[in-house]
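The primary structure of each chain is shown beneath.
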Amino acid sequence: MKRAWWAVFVGLALLAPAARAGTITLGGGVYGGMSFPVLQDDQGQGSLFGARLPVRLLPLLAVEPFYSTSALGDKTIEASPGFEVTREGSDVNTFGVNVMVPFGTKTLLYPYVGIGSASFQRNGQDESFTSYDVGLGLGFTVMPKFSLDVRGELQAASSGETSRKMFNVTLGASYSIFSTP
Amino acid sequence: MKTLRRAVPLLALAALAAAGCMLTSGQFVATYNLPDPFDVNSIAFAGTSVDLNTISEYKDHKDELKRVEDLALVGNFTNLAFTTAQLEVWIVPDGSLTTLTPQQVKDNGTRLWGPLAVAGNSTEKVDWDRSSALFVGRQALIDEVKGDGHFALYVLANGGFSVRVTQGTLIVVVGAAI
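Residues numbered from 1 in each chain as written. Chains lettered and ligands numbered in written order. Predicted model: local features only at pLDDT ≥ 70, side-chain atom pairs only at ≥ 80, totals over all residues. Heavy atoms only, no water.

### Structural notes on the interface of chain A and chain B
Then, in step 1: In this assembly, 40 residues from chain A lie in contact with 37 residues from chain B.
Then, in step 2: Summing both partners gives a buried area of about 3200 Å² for chain A against chain B, and 63% of it is carried by carbon and sulfur.
Then, in step 3: At the junction of chain A and chain B, the tally comes to five salt bridges.
Then, in step 4: For E127(A), the salt bridge goes to R67(B), with nearest N and O atoms at 2.4 Å.
Then, in step 5: If you look at where chain A meets chain B, you find 14 residue pairs in polar contact (both at pLDDT 80 or more).
Then, in step 6: At the level of elements, strand 5 (75–80), strand 6 (83–87), strand 8 (107–122), strand 9 (125–143), strand 10 (146–158) and strand 11 (163–179) of chain A are the ones that each hand at least two residues to the side of chain A that touches chain B. (Contact = heavy atoms within 4.5 Å. Buried area = accessible area lost by both parts, 1.4 Å probe. Salt bridge = Lys/Arg side-chain N within 4 Å of Asp/Glu carboxyl O. Polar contact = N/O pair within 3.5 Å; in protein donor to acceptor, adjacent residues only side chain to side chain. Helix = DSSP H or I, 4+ residues; strand = E, 2+ residues; numbered from the N terminus.)

The structure is reproduced here in structure tokens:
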């Protein structure tokens, strides 16, 4: 609990100069795309949807709490000659926060890293992992306050010793809700 | 600003380095086929020896095996008797013990899977999803998979029973470094 208060204190201290400079922008966005399992023999590719709240703190720094849900696809294997069995894909729910460095003005290029928690659920499986992601996004302001983006990221849900990895490709839309004066 | 511009790539690199083998790991499916058909009855009772070291997917990843991610026992389970059978699969750590009695199996082993109700003179196809939900002794099998990979499996049922398992396959998904 003490650590959390320290984190809040440090966060407020970091935000103060940005707020004074009038650079904080808060937005809201939704996105969707595909999730491709990497090196996972027991999952197929599936759809992914999510929402996020991008907060631009400084010209070159933004943070973004997010939530995503994906339904990985079923996987069928031939267990013995002529006998195929199918394993349903996991439902993956992830929440976390990304830190990004946006370059550009109307067109933005932003590498980002993130951390969060991912839960995998299917028949016989209900596990939660620490989730890491690293990715690259490209954003376009199509009208004032409204932008579209395309992103590619590698997500790794780690058990500590191994991880379940997905390559996610998404298209998103964001709306700038307010800016400090 | 320059500091920030450098900070994120450095953080990303640090995260990748810290992740180490976490990133260079994967989930691999190993399948072991039981004798086909595998006939079991209460009079001529016997188990079957399973040696996972005979399958390449397991052998190739055994040294780097970190985690057992998923387990299943699939196949067609036929009840050759007239009355409903409650089938169970038991595991005995010593793979050479395939001639135990039902009581000895219960004394020396662990219930791995089941019960699966199979009506008289009928067949139940058990696929991957259904089988995963039937596992009750995951840890016992995980210990064997992470151990020597050699154990014995027994099919048990209530009362006088006669069961035929066809296309029986043990599926193990291992998490291993590559």
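### Description of the sheet that holds strand 8 (residues 150–156) of chain B
All names here are of chain B.
Then, in step 1: Reading across the sheet, the four strands line up as 3-8-5-6 and stay open at both edges, with antiparallel pairing between neighbours. Looking at which strands have only one partner, the edges of the open sheet turn out to be strand 3 (48–51) and strand 6 (110–118). Across this sheet, the average inter-strand angle for adjacent strands is 25°, counted without regard to direction.
Then, in step 2: Strand direction decides the pairing type here: strand 3 and strand 8, joined by four bridges, are antiparallel. Residue pairing in the sheet places T48 in a bridge with L153 of strand 8. (Pairing = 2+ DSSP bridges. Axes fitted to C-alpha atoms, helices over the stretch in contact; angles between N-to-C directions.)

### Observations concerning unusual backbone geometry
Residues and elements named next belong to chain B.
Then, in step 1: Residue D36 is joined to P37 through a cis peptide bond whose omega torsion reads 0°.
Then, in step 2: Looking at the element boundaries, P37 is found in the loop between strand 1 (25–33) and strand 2 (38–41).
Then, in step 3: At the junction of G114 and P115, the peptide bond is cis and its omega measures out at 10° in the coordinates.
Then, in step 4: Here P115 shows up in strand 6.
Then, in step 5: Of note, the phi angle at N121 is positive, near 50°, even though the residue is not glycine.
Then, in step 6: On the secondary structure map, N121 appears in the loop between strand 6 and strand 7 (122–126).
Then, in step 7: Of note in this structure, Q167 is not a glycine but carries a positive phi near 50°.

### Re the layout of surface pockets
All names here are of chain A.
Then, in step 1: Taken as a whole, the largest pocket encloses approximately 610 Å³ of empty space.
Then, in step 2: Looking at the largest pocket, it is lined by 29 residues, and the ones nearest its centre are P54, R56, L108, S147 and S174.
Then, in step 3: Secondary-structure elements contributing two or more residues to the lining of the largest pocket are strand 1 (25–38), strand 3 (55–58), strand 4 (61–73), strand 8, strand 9, strand 10 and strand 11.
Then, in step 4: Here the lining of the largest pocket gets five residues from one element, more than from any other, and that element is strand 10.
Then, in step 5: Per-class residue counts for the lining of the largest pocket are twelve nonpolar, ten polar and seven charged. (1 Å grid on protein atoms, 1.4 Å probe; cavity = no way out; pocket = protein on both sides within 12 Å on 5 of 7 lines; lining within 4 Å. Points joined across faces, edges and corners; volume = space filled by probe spheres on them. Nonpolar A, V, L, I, M, F, W, Y, C, P; charged D, E, K, R; others polar.)

### Details of helix 5 (residues 138–146) of chain B
Then, in step 1: Residues of helix 5 of chain B that are buried include every one of A140(B), L141(B), I142(B), E144(B) and V145(B), and no others.
Then, in step 2: Along its buried surface, helix 5 of chain B packs onto helix 2 (56–61), strand 4 (65–79), strand 5 (85–92), strand 6, strand 8 and strand 9 (162–177) of chain B. (Buried < 20%, exposed > 50% of the residue type's maximum accessible area, 1.4 Å probe, protein only.)

### Some details on the confidence of the model for chain A
Residue and element names in this part refer to chain A.
Then, in step 1: Per-residue confidence for chain A averages 88 on the pLDDT scale, and 88% of its residues sit at or above 70.
Then, in step 2: By mean pLDDT, helix 1 (residues 2–21) is the weakest element of chain A at 51, and strand 2 (residues 44–52) is the strongest at 97.
Then, in step 3: In this model residues 1–5 is a low-confidence stretch, pLDDT under 50, and it forms zero contacts with partners more than four residues away in sequence or in other chains. (pLDDT = per-residue confidence, 0-100.)

### What about empty space enclosed by the protein?
Residues and elements named next belong to chain A.
Then, in step 1: Within the structure shown, the criterion is met by two cavities of 30 Å³ or more.
Then, in step 2: Roughly 170 Å³ of internal volume is contained in the largest cavity.
Then, in step 3: Around the largest cavity sit 17 residues that line it, and Y31, F66, Y112, E153 and N168 are the ones nearest its centre.
Then, in step 4: Counting only elements with at least two residues in the lining of the largest cavity, the list comes to strand 2, strand 4, strand 7 (91–100), strand 9, strand 10 and strand 11.
Then, in step 5: Sorting elements by how many residues they give to the lining of the largest cavity places strand 10 first, with four residues.
Then, in step 6: Looking at side-chain class alone, the lining of the largest cavity contains four nonpolar, eight polar and five charged residues.

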